[in-house]
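Next come the chains, spelled out residue by residue.
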Amino acid sequence: MAKGEKQIKYTEEQRVEIVERICLLYESQNASVASCCQACGITDRTLNLWVDADSELAERYKKAKE
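Residues numbered from 1 in each chain as written. Predicted model: local features only at pLDDT ≥ 70, side-chain atom pairs only at ≥ 80, totals over all residues. Heavy atoms only, no water.

1. Considering the confidence of the model for the protein
- Predicted confidence across the protein gives a mean pLDDT of 91, with 91% of residues reaching 70 or more.
- By mean pLDDT, helix α4 (residues 55–65) is the weakest element of the protein at 94, and helix α2 (residues 33–40) is the strongest at 96. (pLDDT = per-residue confidence, 0-100. Helix = DSSP H or I, 4+ residues; strand = E, 2+ residues; numbered from the N terminus.)

Right, dumping it as structure tokens:
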């Protein structure tokens, strides 16, 4: 995020939807997690923060990585 840029807040429902889209992209394409995150409008750092904070998101992400 650029300096002075407003941080976007996501609801729990939005986070679940975004993580699901990232996982689907990752599973269906020969792409990196970072590029899948970028396609969904977040950074891979944000994804990692969300996954670390929510066990359900972590489980979904783990399945996609396998």
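Having seen the model, we can carry on.
2. Remarks on the nonpolar core
- Ile22, Ile42 and Leu47 are the most contacted members of the largest nonpolar core, which has 15 residues in total.
- Of all the elements in the fold, those that place two or more residues in this core are α1 (12–28), α2, α3 (44–53) and α4.
- Here Ile42 is in contact with Tyr10, Ile18, Ile22, Cys37, Leu47 and Trp50, once residues within four sequence places are set aside. (Core = buried A, V, L, I, M, F, W, Y, C linked by side-chain atoms within 4.5 Å. Buried < 20%, exposed > 50% of the residue type's maximum accessible area, 1.4 Å probe, protein only. Contact = heavy atoms within 4.5 Å.)

3. A look at the pattern of salt bridges
- If you walk through the whole model with that rule in mind, you get 3 salt bridges.
- When the shortest N-O distance is used, the salt bridge between Arg15 and Glu12 registers 3.7 Å. A residue pair is termed a helical-turn pair when its members lie 3 or 4 positions apart in one helix, as Arg15 and Glu12 do in helix α1 at 3 residues.
- For the salt bridge of Arg60 with Glu20, the shortest nitrogen-to-oxygen distance reads 2.9 Å. With Arg60 in helix α4 and Glu20 in helix α1, the pair connects residues that are 40 residues apart, well separated along the chain. (Salt bridge = Lys/Arg side-chain N within 4 Å of Asp/Glu carboxyl O.)

4. Focus on the environment of Glu13
- Checked against the element boundaries, Glu13 lands in helix α1.
- Along the backbone, Glu13 and Leu57 are 44 residues apart, and their C-alpha atoms lie at a distance of 11 Å.

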